[in-house]
Amino acid sequence: MAKKNYIYQEILERLFTCQYRFGDRILVKEIGEEMGVSRHPIMTALYRLQERGFVTITAQVGCEVVTPTPEAIQDFYRMFALTEGLIAELAASRASAADISRLRLINDQIHALDATRNANADEYRRLNVDFHTQLHAMAKSPLLCSRQLANFELSDFFIVQTCGFRAHLGLVADEHNAVIAAIVARQPEAANRAAREHIESVSRSVAAALDKTSEGDEGSADTAP
């Protein structure tokens, strides 16, 4: 089990660091030779990644990283935003003062990051995970939040593969503050709306970058000899 989890985490990290890009083949034999493991634990890891939306496995063909369409991205983020809105709504009703203080502290750290520095993108990703993990804890709904955690991993993957975390860094602290303000005011509906608007803002950044990439690919095809 430890070996299967290690392989899963290793492939996931390669997806997050763009060593594997949209549409790339993932070769089981290559991974096996590199890590010194058999085919079985690799396939177990790949099937788990397929269940979470990162890759597609085709019998007799192999495994490749997904290539989502703009419409698929939009559908995913609509679902993602609705769930995060519900979580924020629950947090507005259930969070303690200490919970809110911790959430504010994390967002203050995000606000302090310099959006012009590429090096801060990784730190933002870590702090953003901390922020939403804290928000989820405040909702006090473990089953709901465990499902949403998988969505966050997929969202982070879409971000790194398209616009990058730096693209949203200048906006995120203010968007988070809107969520915090609604929770402090004990306004569940406002918290729901602010959280949805935050995720929808991320969605627009991802979709715009994906559209730009698609246009570039079409342009390359038009000019090819």
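Residues numbered from 1 in each chain as written. Predicted model: local features only at pLDDT ≥ 70, side-chain atom pairs only at ≥ 80, totals over all residues. Heavy atoms only, no water.

1. Let's talk about the sheet that holds strand S1 (residues 25-26)
In space, the three strands of this open sheet follow the order S1-S3-S2, with antiparallel pairing throughout. The two strands at the open ends of the sheet, each matched to only one other strand, are S1 and strand S2 (55-58). Two elements, S1 and strand S3 (residues 62-65), share two bridges in a ladder whose sense is antiparallel. Bridging across to S3, Ile 26 finds its partner in Cys 63. Of the strands in this sheet, S1, S2 and S3 touch helix H3 (residues 39-51), which is tilted by about 120° from S2. (Pairing = 2+ DSSP bridges. Helix = DSSP H or I, 4+ residues; strand = E, 2+ residues; numbered from the N terminus. Contact = heavy atoms within 4.5 Å. Axes fitted to C-alpha atoms, helices over the stretch in contact; angles between N-to-C directions.)

2. Structural notes on helix H8 (residues 166-184)
Helix length check: H8, at 19 residues, gives a terminal C-alpha distance of 28 Å against a target of 27 Å (1.5 Å per residue), a fit within 8%. Helix geometry: H8 is bent most strongly at Val 172, by close to 45°. Among the residues making up H8, those that are buried are His 168, Leu 169, Val 172, Ala 173, Glu 175, His 176, Val 179, Ile 180, Ala 182 and Ile 183. Residue Arg 186 follows H8 closely and has a positive phi angle near 55°. (Expected span 1.5 Å × (residues − 1). Bend = angle between axes of the 7 residues up to and from the residue. Buried < 20%, exposed > 50% of the residue type's maximum accessible area, 1.4 Å probe, protein only.)

3. Some thoughts on the confidence of the model for the chain
Of the residues in the chain, 94% reach a pLDDT of 70 or more, and the chain-wide mean stands at 91. Here residues 219-225 is modelled with pLDDT under 50, and outside its nearest four sequence neighbours on either side it reaches zero contacts, counting other chains as well. (pLDDT = per-residue confidence, 0-100.)

4. With respect to the pattern of salt bridges
Within the structure shown, the criterion is met by eight salt bridges. Residue Asp 99 is joined to Arg 102 by a salt bridge in which the shortest nitrogen-to-oxygen separation is 2.8 Å. Residue Asp 99 and its partner Arg 102 are located together in helix H5 (residues 97-111), separated by three residues, close to a single helical turn. Two residues, Arg 125 and Asp 156, come together in a salt bridge whose shortest N-O distance is 3.9 Å. Here the residue Arg 125 occupies a position in helix H6 (residues 120-139), and Asp 156 occupies one in helix H7 (residues 142-161), the gap between them amounting to 31 residues. A residue is classified by how much of its surface remains accessible, and Arg 125, at 22% relative accessible area, is partly exposed. Judged by relative accessible area, Asp 156 falls into the buried class, the value being 6%. One network of salt bridges, in which partners are shared, links Glu 10, Arg 14 and Glu 34. (Salt bridge = Lys/Arg side-chain N within 4 Å of Asp/Glu carboxyl O.)

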